[in-house]
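Notes for the structure review
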Amino acid sequence: MSKLGALLDRLKAHQHVLIVAAAEHDSMPADSVLKRIAELENAIAAVEALAGEEDGE
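Residues numbered from 1 in each chain as written. Predicted model: local features only at pLDDT ≥ 70, side-chain atom pairs only at ≥ 80, totals over all residues. Heavy atoms only, no water.

**Concerning the pattern of salt bridges**
- In the structure shown here, the tally under the stated rule is two salt bridges.
- Here K12 ties to E48 by a salt bridge, and the two come within 3.5 Å at their closest N and O atoms. Highlighted residues: K12 in helix α1 (residues 3–23) and E48 in helix α2 (residues 31–54), separated in sequence by 36 residues.
- Of the residues examined, K12 reaches a relative accessible area of 39% and is grouped as partly exposed.
- Given the relative accessible area of 38%, E48 is considered partly exposed.
- Taking the shortest distance from any N to any O, the salt bridge between E39 and R36 comes out at 3.4 Å. Here E39 pairs with R36, and both are found in helix α2, just three residues apart, close to one helical turn. (Salt bridge = Lys/Arg side-chain N within 4 Å of Asp/Glu carboxyl O. Helix = DSSP H or I, 4+ residues; strand = E, 2+ residues; numbered from the N terminus. Buried < 20%, exposed > 50% of the residue type's maximum accessible area, 1.4 Å probe, protein only.)

Here it is, written out as structure tokens:
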């Protein structure tokens, strides 16, 4: 697995943990948690775009 692929897996795993933890509560997640989830989504998209460029897509 490439280094970008490994990074992508780590980012997705961390985001998954945050989303599952947020879902366990009946109330809205804290703004800081929502912000972190969104930031991870942006990082995931950036890594996927870079990986696509390197793969010649």
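**Points about α2**
- If you check α2, its first and last C-alpha atoms are 35 Å apart, about what 24 residues at 1.5 Å a residue would give, namely 34 Å.
- For α2, every residue scored as buried is listed here: I37, L40, I44, V47 and G52.
- Residues of α2 that are buried make contact with α1.
- G56, located one to two residues past α2, shows a positive phi value of around 85 degrees. (Expected span 1.5 Å × (residues − 1). Contact = heavy atoms within 4.5 Å.)

**Section: the packing of α1 against α2**
- Following both chains from N to C, one finds α1 and α2 inclined at 155 degrees, their axes separated by 9 Å at the closest point. On the basis of the axis angle, α1 is roughly antiparallel to α2. Handedness of the α1/α2 crossing: left-handed. In this structure, α1 uses L4, L7, L8, L11, K12, H14, Q15, L18, I19 and A22 to contact α2, whose residues at the interface are V33, R36, I37, L40, E41, A43, I44, V47, E48, L50, A51 and E54. (Axes fitted to C-alpha atoms, helices over the stretch in contact; angles between N-to-C directions. Parallel < 35°, antiparallel > 145°, perpendicular 65-115°, else oblique. Left-handed = near helix turned anticlockwise from the far one by under 90°.)

The quantities given are spatial measurements derived from coordinates; they are silent on function.
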